Amino acid sequence: ITKLGADPKELGGLKRLEMLFGLKFPQKDIRKIVSPLFVLYDLRIILLHAVSNEKRKETLVSACQRLGIPDDSTFDIIYPELIRQLTTCFEHLIV
């Protein structure tokens, strides 16, 4: 990771993981593949931590956009799509 110009101590766990997979699979669009992991993390933050309603709404819209579903989707739509994309993520990375 240091050879890529990043300081591992300054990166979060998901960013480190993204960089490592990028090294292992340089031919794949790793940012797109691991995106569901970041969506899952963001949803965890807004559901388990005290955040403003505005931040919660912003994060939900961002999550929906990254999942490719309508911005006003409810969790009944978000979670099945997130699970589908997480499954695809793991299928791409287990080689």
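Everything that follows concerns the structure shown earlier in this document.
Reading the values: rules and limits
- Residues numbered from 1 in each chain as written.
- Predicted model: local features only at pLDDT ≥ 70, side-chain atom pairs only at ≥ 80, totals over all residues.
- Heavy atoms only, no water.
- Patch = residues over 30% accessible without salt bridge, like charges linked within 9 Å, V, L, I, M, F, W, Y side chains within 5 Å.
- Areas by Shrake-Rupley, 256 points an atom, 1.4 Å probe, with all protein chains shown as cover.
- Salt bridge = Lys/Arg side-chain N within 4 Å of Asp/Glu carboxyl O.
- Helix = DSSP H or I, 4+ residues; strand = E, 2+ residues; numbered from the N terminus.
- Buried < 20%, exposed > 50% of the residue type's maximum accessible area, 1.4 Å probe, protein only.

Draft legend 1. Representation of a nonpolar patch on the surface within the structure. Together, L47, L48, Y79 and I83 line one region of the surface with nonpolar side chains, adding up to about 390 Å² of accessible area. Of all elements in the fold, only α2 (30-48) and α4 (75-93) reach the threshold of two or more residues within the nonpolar patch. Summarising the element assignment, Y79 is placed in helix α4. Owing to a relative accessible area of 32%, Y79 belongs among the partly exposed residues under this scheme.

Draft legend 2. Molecular detail of the pattern of salt bridges. Throughout the structure, instances matching the rule amount to 4 salt bridges. Here E18 makes a salt bridge to R31, at a shortest N to O gap of 3.5 Å. In this pair, E18 sits in helix α1 (residues 13-24) while R31 sits in helix α2, placing the two residues 13 residues apart along the sequence. One continuous salt-bridge network, built from bridges that share partners, spans K15, E18 and R31.

Draft legend 3. Geometry of the environment of K32. As for its position among the elements, K32 is in helix α2. Taking the C-alpha atoms as reference points, K32 and L11, 21 residues apart in sequence, are found 18 Å from one another.

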